Amino acid sequence: MKKTTILLGVGIVLGALVLTSAAFTVDQTQQAIVIQLGRPVGDKSLGPGLHFKLPLVQNVVFFDARILDFDAKPEEITTTDKKYMNVDSYTKWRITDPLTFYTKVRTIQGARARLDDIVRSQLRVALGRYTLIEVVSHKRQEIMDAVTLRSKELLQPYGIEVLDVRIKRTDLPAENARSIYGRMKAERERQAKQYRSEGLEASAKIKATADKDRAVILADAEKQAEIIRGEGDGQATKVYADALSRSPEFYEFTRSLDAYKRGFEKNSRFIMTPESPFLKHLK
């Protein structure tokens with residue numbers, strides 16, 4: 001009886017160990033395949049949940065189901081206008097077919113090596129079709145879309161899906177930076193000189209127009225002033241004439257007083273006799 005109990009206990013323990021080694025779980029962020037004697041078992045991968053395998057005979061290989069990053073090392077690339085630039089890029093990718101992935105590249109390190117070869121070559125080909133100015137300005141999105149599409153096609157047979165390829169940074173080699181900056185400076189100086197000359201031309205036109213308008217305004221004002229003065233002189237002459245016709249003696253008296261005032265205010269010296277007509281109203 002005692003021996004039977006011991007054997008039963010041992011059987012239970014062994015069964016529990018077998019069951020424990022046969023069962024495994026796949027996390028939500030993972031996908032897995034079962035390997036037997038170095039070859040995948042079945043024709044599809046295992047998703048999240050509880051699964052079973054043969055103990056001691058089969059093994060489980062887990063793969064990350066999330067989007068992964070591959071940060072490539074910067075490399076020197078030549079553009080179509082024979083300019084050199086250091087390009088630092090990165091790739092967003094994920095494992096879509098674990099069975100194919102395991103058969104072709106085995107591990108993440110192998111996938112990164114394959115990504116490095118294909119993405120780098122596609123970047124060199126794509127950037128080599130454009131000039132330096134196009135790469136760093138308005139053509140970058142077009143270039144990145146073409147590289148992403150071509151890399152996706154080439155890596156699909158490896159169970160890898162390329163989601164996006166992007167350039168983080170582009171730098172000029174030290175030996176080319178000075179010459180390019182020199183040309184950029186010369187171009188900016190040429191544009192500045194052109195803008196200054198255009199500004200001076202516009203300023204001269206504005207000043208000429210202003211001087212012309214000023215001359216026309218002054219001429220019109222002088223004309224109006226002459227007309228007003230003429231009208232005033234005419235009215236004054238008419239007033240004097242009317243006054244003379246009404247009282248010649250009073251008109252003569254007032255005119256003589258004005259003559260005395262203007263003459264004596266200047267401290268002038270006169271030599272005349274008392275019978276002089278000029279002194280008639282002083283007597």
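The structure this text deals with has already been given above.
Just so you know, these numbers come straight off a predicted model, no measurement behind them.

Q: Quick rundown of the pattern of salt bridges? Include the residues and the values.
A: Throughout the structure, instances matching the rule amount to 16 salt bridges. A salt bridge links K168 to D88; the shortest N-O distance between them is 3.7 Å. Here K168, found in strand β9 (residues 160-171), pairs with D88, found in strand β8 (residues 84-95); they are 80 residues apart in sequence, far enough to count as distant. Relative accessible area serves as the criterion here: at 44%, K168 is assigned to the partly exposed category. Linking D164 and R166 is a salt bridge whose minimum nitrogen-to-oxygen distance equals 3.2 Å. Residue R166 is classed as partly exposed on the basis of its relative accessible area of 22%. Overlapping salt bridges bring together E75, D116, R120 and R124 as one network.

Q: Lay out the pairing of strand β6 (residues 68-71) in plain terms, naming residues and giving numbers.
A: A regular strand places its side chains on the two faces of the sheet in alternate fashion. The alternating pattern of β6 places L68 and F70 on a buried face and D69 and D71 on a face that is not buried. Bridging between β6 and β8 involves four bridges; their strand directions are antiparallel. Across the sheet, D69 pairs through a bridge with K92, a residue of β8.

Q: Provide a residue-level description of the side chain of S151, including the pertinent values.
A: Tracing the backbone shows S151 in helix α5 (residues 140-155). Separated by 2.8 Å, the side chain of S151 and the backbone oxygen of V147 make a polar contact. The contacts of S151, once residues within four sequence positions are left out, are I118, V119, Q122 and V162.

Q: Hey, could you go over α5 for me, with residue numbers and the actual values?
A: Between its first and last C-alpha, α5 extends 22 Å over 16 residues, near the 22 Å set by a 1.5 Å rise per residue. Those residues of α5 that sit buried are I143, M144, V147, T148, S151 and L155. Looking straight down α5, one finds its buried side chains confined to an arc of 130°; they lie on one side. Those residues of α5 hidden inside the fold are in contact with α3 (108-127), α4 (132-136) and β9.

Q: So what about unusual backbone geometry? Which residues, and what values?
A: Unlike most non-glycine residues, K82 shows phi in positive territory, near 65°. Relative to the assigned elements, K82 resides in the loop between β7 (75-78) and β8. One non-glycine residue with positive phi stands out, namely R106, at about 70°. Tracing the backbone shows R106 in the loop between α2 (98-104) and α3.

Q: Hey, could you go over the nonpolar core for me, with residue numbers and the actual values?
A: Membership of the largest hydrophobic core comes to 33 residues, with the highest contact counts inside it found for W93, F101, L115, L127 and I143. Every element with two or more residues in this core is listed here: β2 (30-36), β6, β8, α2, α3, α4, α5 and β9. In terms of residue count, the dominant contributor to this core is α3 (seven residues). For this core, the domains that each give at least three residues are domain 1 (7-64) and domain 2 (68-176).

Q: Please give an account of the sheet that holds strand β3 (residues 39-46) that cites residues and values.
A: As summarised here, the arrangement of the three strands in space is β3-β2-β5, forming an open sheet in which the pairing is antiparallel. Of all strands in the sheet, those with a lone pairing partner are β3 and β5 (58-64), marking the two edges. Averaged over all adjacent pairs, the angle separating strand axes in this sheet is 25°, with direction ignored. Of the pairings in the sheet, the one linking β2 to β3 comprises four bridges and is antiparallel in character.

Each value, and the rule that gives it
Residues numbered from 1 in each chain as written. Predicted model: local features only at pLDDT ≥ 70, side-chain atom pairs only at ≥ 80, totals over all residues. Heavy atoms only, no water. Salt bridge = Lys/Arg side-chain N within 4 Å of Asp/Glu carboxyl O. Helix = DSSP H or I, 4+ residues; strand = E, 2+ residues; numbered from the N terminus. Buried < 20%, exposed > 50% of the residue type's maximum accessible area, 1.4 Å probe, protein only. Pairing = 2+ DSSP bridges. Polar contact = N/O pair within 3.5 Å; in protein donor to acceptor, adjacent residues only side chain to side chain. Contact = heavy atoms within 4.5 Å. Expected span 1.5 Å × (residues − 1). Arc of directions from axis to C-beta. Core = buried A, V, L, I, M, F, W, Y, C linked by side-chain atoms within 4.5 Å. Domains from an automatic or database assignment. Axes fitted to C-alpha atoms, helices over the stretch in contact; angles between N-to-C directions.

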